[in-house]
Every structure is written in structure tokens, then in C-alpha cells.
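Structural overview for review
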Amino acid sequence: MALELEGKIVNKLPVQQGQSARGPWQKQEFILEYMDGSFPAQVCMNVWGADKVAELGTYQAGDMVKVSLKLSSREYNGRWYNDVRAWKMERPGVAAQAPSRPATSYGAPTPPPPTVEDYSGASSMEEDLPF
């Protein structure tokens, strides 16, 4: 199941970093405001890893973004903790833009459909009518 939210980055929190048995790590949290029906709602999300932190660095507070996210929970000492991890971020409308002409099976663009001007001898529409 793909989970996506589109909204505005309200705030970016400081980068957190540390050292684990597997080496250095870093993460950054940010607040995303989105519309929940007729009302705005906010959610705190995080990105994990140096590459994702750098990608989040290209966005500023106030930027609109479309986020693909993963939800997970874990239990520790009888309490449950939720994690909302953004694994893909893009500016809205970027992925929706398709090429202006679809490609053929050989990779070459298909030609545009013909127009009236493309037909020879079609100087006026009235001359082409059969009645």
C-alpha cells in the first residue's frame, strides 16, 4: 500500500547524528501541514541517512512537497512509539508531467496528428464539402 501526502513544509528541525555499531548515522525531522478534509493538519516526519537529509536540505519552510511515506511502530518498556519515515520527496506536479508525445516501441516520438493545413489543396473548408 503506497502512502502519500501532499502539503507544505512548516518547519525543519535540526539534524540529529550519532554513531552506532554499523557506523555513523544521521536523521532530520520536519513538520508537514496538509489538508485533512476541510481542515489543516500537521504531522512530524523524518528522513534517515545522509542522502535523504541532503535531499531535505533542498527544500525550505513554505515549500509544497509530495511525500511518499512508511509508517511503523515499535514497543519499548510497555509503550508504543510511532515512526513516520519519508522515503521519497518531490515537488507536486513534477511526476505528473508526461512527455508531450508518447514514444513508439523504437523510442522515436510519434508524429503529431495532422491538421487542416497539412492536407494539400485545403485552402478553405467550404471547397472540400461534398454538397
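Just above, that's the structure.
1. A closer look at unusual backbone geometry
Residues other than glycine predominantly adopt negative phi, and peptide bonds predominantly adopt the trans conformation. One non-glycine residue, Asn77, lies in the positive phi region at around 50°. Mapping Asn77 onto the fold places it in the loop between strand 5 (64–76) and strand 6 (79–90).

2. Regarding the pattern of salt bridges
Counting across every chain of the model gives 4 salt bridges. Its salt-bridge partner being Lys52, residue Glu55 comes within 3.7 Å of it at the nearest N-O pair. Here Glu55 pairs with Lys52, and both are found in helix 1 (residues 50–56), just 3 residues apart, close to one helical turn. Residue Glu55 is classed as partly exposed on the basis of its relative accessible area, which comes to 25%.

3. Some details on the nonpolar core
Judged by nonpolar contacts, the single largest core of 17 residues is most densely connected at Ile9, Phe30, Leu32, Met45, Val67 and Met89. Considering every element that reaches this core, the biggest residue donor is strand 4 (residues 39–48), with 4 residues. Excluding anything up to four places from it in sequence, Met89 contacts Ile9, Phe30, Val47, Glu55, Leu56, Tyr59, Val65, Lys66 and Val67.

4. A closer look at the side chain of Lys27
Note on placement: Lys27 falls in strand 3 (residues 23–36). No salt bridge forms around the buried Lys27; measuring N to O, its nearest opposite-charge neighbour Glu29 is 4.0 Å away. Discounting residues that sit within four places of it in the chain, Lys27 has contacts with Pro14, Val15, Gln16, Val47, Trp48 and Val53.

5. A few points about the packing of aromatic side chains
Summed over the entire model, instances satisfying the criterion amount to 1 aromatic pair. Their ring planes at 5° and their centres at 5.2 Å tell us that Trp25 and Trp48 sit as a pair that is stacked. Separated by 23 residues along the polypeptide, Trp25 in strand 3 and Trp48 in strand 4 bring together distant segments of the chain.

6. As for the pairing of strand 4
The sheet contact formed by strand 3 and strand 4 spans 10 bridges and is antiparallel. The partner of Glu29 across the bridge, within strand 4, is Asn46. Taking the residues that link successive antiparallel strands as the turn, the strand 3-strand 4 hairpin has 2 residues, and the phi of Gly37 there is positive, at about 75°.

Parameters at a glance
- Residues numbered from 1 in each chain as written.
- Predicted model: local features only at pLDDT ≥ 70, side-chain atom pairs only at ≥ 80, totals over all residues.
- Heavy atoms only, no water.
- Helix = DSSP H or I, 4+ residues; strand = E, 2+ residues; numbered from the N terminus.
- Salt bridge = Lys/Arg side-chain N within 4 Å of Asp/Glu carboxyl O.
- Buried < 20%, exposed > 50% of the residue type's maximum accessible area, 1.4 Å probe, protein only.
- Core = buried A, V, L, I, M, F, W, Y, C linked by side-chain atoms within 4.5 Å.
- Contact = heavy atoms within 4.5 Å.
- Lys, Arg positive; Asp, Glu negative; His and termini not counted.
- Phe/Tyr/Trp six-rings, centres within 6.5 Å; stacked < 30°, edge-to-face > 60°.
- Pairing = 2+ DSSP bridges.

In short, the description is geometric, and any link to function would need to be established separately.
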